[in-house]
Amino acid sequence: MNIEDLRSFYLSLPYVTESFPFGEEHLVVKVGSKVFAIISLLSEESCISLKCDPERAVELRMRYDSIVPGYHLNKQHWNTVYLRRELPDSLLGELVQHSYDLVWAKLTKRERKALSTGA
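Residues numbered from 1 in each chain as written. Predicted model: local features only at pLDDT ≥ 70, side-chain atom pairs only at ≥ 80, totals over all residues. Heavy atoms only, no water.

Explain the overall build of the protein here, please?
When its secondary structure is counted, the protein shows four helices and six strands. Taken over C-alpha atoms, the radius of gyration comes to 14 Å for the protein, in line with the 14 Å a tight globule of 119 residues would show. Seen through its C-alpha atoms, the protein measures out along the principal axes to roughly 40 × 30 × 25 Å. Put simply, the protein shows about 7,200 Å² of open surface, and 52% of that area lies on carbon and sulfur atoms. Side chains of the protein give 15 positive and 16 negative charges; the mean places of these two sets differ by 12 Å. (Helix = DSSP H or I, 4+ residues; strand = E, 2+ residues; numbered from the N terminus. Rg over C-alpha atoms; globule rule 2.2 N^0.38 Å. Areas by Shrake-Rupley, 256 points an atom, 1.4 Å probe, with all protein chains shown as cover. Lys, Arg positive; Asp, Glu negative; His and termini not counted. Charge placed at Lys NZ, Arg CZ, Asp CG, Glu CD.)

See below:
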């Protein structure tokens, strides 16, 4: 999956925003006030860091060379996925959705309600 397709996918999810709080090299993707993806744009090899269930994170790292512990992140809860290595597009989409779902579930009830009502 290329960067443009990846971006189209995550922007189709509800209440998603993008920003560059760390400079133009890292695109930060949030649902509400919480980060669920960080995309490295200017590195030698494009990658995306995604939140992941800890047990699943380890399993994915053992199964796919393109998935490694989160770079400069909590390695128990984050994976970094290299986009130009072999990985089915459907799996990448599933991992983005999984990260989004984990972060959405951690938002406060107040924040989820504010997002859903547009308040």
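What follows picks up the thread again.
I keep staring at the pattern of salt bridges and nothing clicks. Help me out?
Any two side chains of opposite charge can pair, so long as their charged atoms come close to each other. As enumerated under the stated definition, the model contains three salt bridges in all. Here E45 ties to R85 by a salt bridge, and the two come within 3.0 Å at their closest N and O atoms. You can see E45 sitting in the loop between strand 3 (34-40) and strand 4 (47-51) and its partner R85 sitting in the loop between strand 6 (78-82) and helix 3 (89-106), a full 40 residues away along the chain. What makes R85 partly exposed here is its relative accessible area of 34%. Of the charged contacts in the structure, one is a salt bridge between R56 and E94, with a shortest N-O distance of 2.2 Å. (Salt bridge = Lys/Arg side-chain N within 4 Å of Asp/Glu carboxyl O. Buried < 20%, exposed > 50% of the residue type's maximum accessible area, 1.4 Å probe, protein only.)

Honestly, the environment of T117 in this entry has me stumped. Any pointers?
In this fold, T117 is placed in helix 4 (residues 109-117). On the accessibility criterion, T117 (55% relative accessible area) is exposed. Looking at T117, its side chain comes within polar contact range of the main-chain oxygen of K113, at 2.9 Å. (Polar contact = N/O pair within 3.5 Å; in protein donor to acceptor, adjacent residues only side chain to side chain.)

Remember, this is a structural readout, not a statement about activity or role.
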